[in-house]
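Residues per chain, in single letters:
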Amino acid sequence: MGLPETHHAARKRDTEEAAHPSEVTISSIEELGGDTVLHAEPDPSVESNEELDLNALLSGLNLASGKAQEDKQQPLLDSFDLKDVAERIKSGKAKRILCMCGAGLSVSAGIPDFRTPGTGLYSNLQKFDLPYPEAVFEINYFKRNPAPFFMLAKELFPGTFQPTPAHFFMKLLHDKGLLLRCFTQNIDSLENQAGLDKEQIVAAHGNFDSAHCVQCRKEHSLEHVRQAVSQGHTRCDCTKCEGLVKPDIVFFGESLPARFFQYMATDFSKADLLIVMGTSLTVQPFASLIDKVRSDVPRVLINREKVGEADPDLKRLGVEHGFNFGEGNYRDVLYLGNCDDGTKELCKLLGWSEDLQKLIQENETAEHEANNPITKSPSAL
């Protein structure tokens, strides 16, 4: 499950830009997927901006748009469906596959969403009288009142839920030597629980795998995190600060992990296939990643609804960004449905259904044995 997508994301980005301008500063065009930004400086010889020749400006934009139409890419796919994707993988044209994941990947694991009335995580936090629901993920509010976050963390702590078939699909890609990396917005660590090595995972919004003191930044063990979650809060063992210890989940007002920017800079230029699953693609800078792959790389969206589509106005101006599932599409594949169904269908087309089922069954067996008092090791009792 990823962090909720709110208007507070803008506040978060502003803070990040001030703290790490070389890493996080993203122009408005880049957030929409563009690569360059043009800055128009007024001509000092012109007395007023009103005297600018707007007709010439519009004409230039039309020429740019016309050139973009002339330079259209030839289709990379035949039918723009999962069958096309499977054929590309089987033929060896896709050997370095990038996956991007959001909260939709974990829904079938039983993780409650944030907003459903009565059952959503926010509903369960009402007793804490939050000023607004998103405050539970704001660092300044956490420092004043950590109890709501730690109650939420109990719901999401690793081990409570099991990976989904879509998680095991990525493990299958890894086992077959095809997964370049998994970029995930989710904080539930189910990718790792499915068997992906931590080196293969970029947790864009952090997770529960580590923790630091919010005051002195001293790192604390996973067991310390577990203690913090179970007790409702815990203090740093540094005698000088005694600050709160927080799992390394990115809050509004905090910077994204350095690992995110490190692999964003290297992986997307290497990828030869991008698979996006279960995300609304509204949180930046994660959403803009779909435009970081090369123009000759097919992109797949497996989601319950269309997301991340190009802005029609910018598209008319020849600015390429976002998915294009309509006229002029040359590389984007859309599967409308849940992540489990989409990945199972892709495995079927690849002839991997038995491999996927084997991974799922092995996990179920291991989970059963871990919870069986007869087969548990003495140290676990």
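Our subject is the structure listed above.
From a predicted model like this one, the values you see are computed outputs, not experimental measurements.

Reading the values: the criteria
- Residues numbered from 1 in each chain as written.
- Predicted model: local features only at pLDDT ≥ 70, side-chain atom pairs only at ≥ 80, totals over all residues.
- Heavy atoms only, no water.
- Helix = DSSP H or I, 4+ residues; strand = E, 2+ residues; numbered from the N terminus.
- Buried < 20%, exposed > 50% of the residue type's maximum accessible area, 1.4 Å probe, protein only.
- Areas by Shrake-Rupley, 256 points an atom, 1.4 Å probe, with all protein chains shown as cover.
- Phe/Tyr/Trp six-rings, centres within 6.5 Å; stacked < 30°, edge-to-face > 60°.
- Lys NZ or Arg CZ within 6 Å of the ring centre and 35° of its normal.
- Expected span 1.5 Å × (residues − 1).
- Arc of directions from axis to C-beta.
- Polar contact = N/O pair within 3.5 Å; in protein donor to acceptor, adjacent residues only side chain to side chain.
- Pairing = 2+ DSSP bridges.
- Axes fitted to C-alpha atoms, helices over the stretch in contact; angles between N-to-C directions.

A few words now on the overall build of the protein chain. Secondary structure summary: the protein chain contains 15 helices and nine strands in total. Burial statistics for the protein chain: of 381 residues in total, 48% are counted as buried. Accessible surface, the protein chain as shown: approximately 19,200 Å² in total, 50% of it carbon and sulfur.

With that settled, consider the packing of aromatic side chains. Scanning the model with the defined rule gives 12 aromatic pairs in all. Ring centres of Phe142 and Phe150 lie 5.8 Å apart, and the angle between their planes is 50°; on these two criteria the pair is classed as tilted. Both residues of the pair, Phe142 and Phe150, belong to the buried class. On the numbers, 5.1 Å between centres and 65° between planes, the contact of Phe183 with Phe268 is edge-to-face. With Phe183 in strand β2 (residues 179–184) and Phe268 in helix α12 (residues 258–270), this pair connects stretches of sequence that are 85 residues apart. Phe268 carries the same exposure label as Phe183, and that label is buried. Three or more aromatic residues joined by ring pairs make a cluster, and in this case those are Phe137, Phe142, Phe149, Phe150 and Phe251. Positioned over the ring face of Phe251 is Lys246, at 4.4 Å from the centre of the ring.

For the rest of this paragraph, the subject is helix α14 (residues 339–350). Between the first and last C-alpha of α14 there are 16 Å, a value that for 12 residues agrees with the 16 Å anticipated at 1.5 Å per step. For α14, every residue scored as buried is listed here: Cys339, Asp340, Gly342, Thr343, Leu346, Cys347 and Leu350. The arc enclosing the buried residues of α14, seen along the axis, measures out at 165°, which places them on a common side. Backbone nitrogen of Asp340 and a side-chain oxygen of the N-cap are separated by 3.2 Å at the start of α14; the cap is Asn338. Taken from the residues just after α14, Gly351 is the one with a positive phi, measuring 80°.

So, about the sheet that holds β2. Two modes of strand pairing occur in sheets, parallel and antiparallel, and in both the strands are linked by backbone hydrogen bonds. Strand order in the open sheet made by the six strands is β3-β2-β1-β7-β8-β9, with parallel pairing throughout. At either margin of the open sheet sits one strand with a lone partner, and together these are β3 (201–203) and β9 (332–336). Each strand of the sheet is rotated relative to its neighbour by a mean of 15°, with strand direction disregarded. Across five bridges, the pairing between strand β1 (residues 97–101) and strand β7 (residues 273–277) is parallel.

Further remarks concern the side chain of Gln200. Looking at the secondary structure, you find Gln200 in the loop between α10 (190–193) and β3. Of note is the side chain of Gln200, whose polar atom sits 3.4 Å from the backbone oxygen of Leu180.

Our next topic: unusual backbone geometry. In this chain, Gln284 is followed by Pro285 through a cis amide linkage whose omega measures 5°. Mapped onto the secondary structure, Pro285 falls in the loop between β7 and β8 (299–303). One non-glycine residue with positive phi stands out, namely Leu281, at about 50°. Relative to the helices and strands, Leu281 is located in the loop between β7 and β8.

Function-wise, these values are silent; they only describe arrangement.
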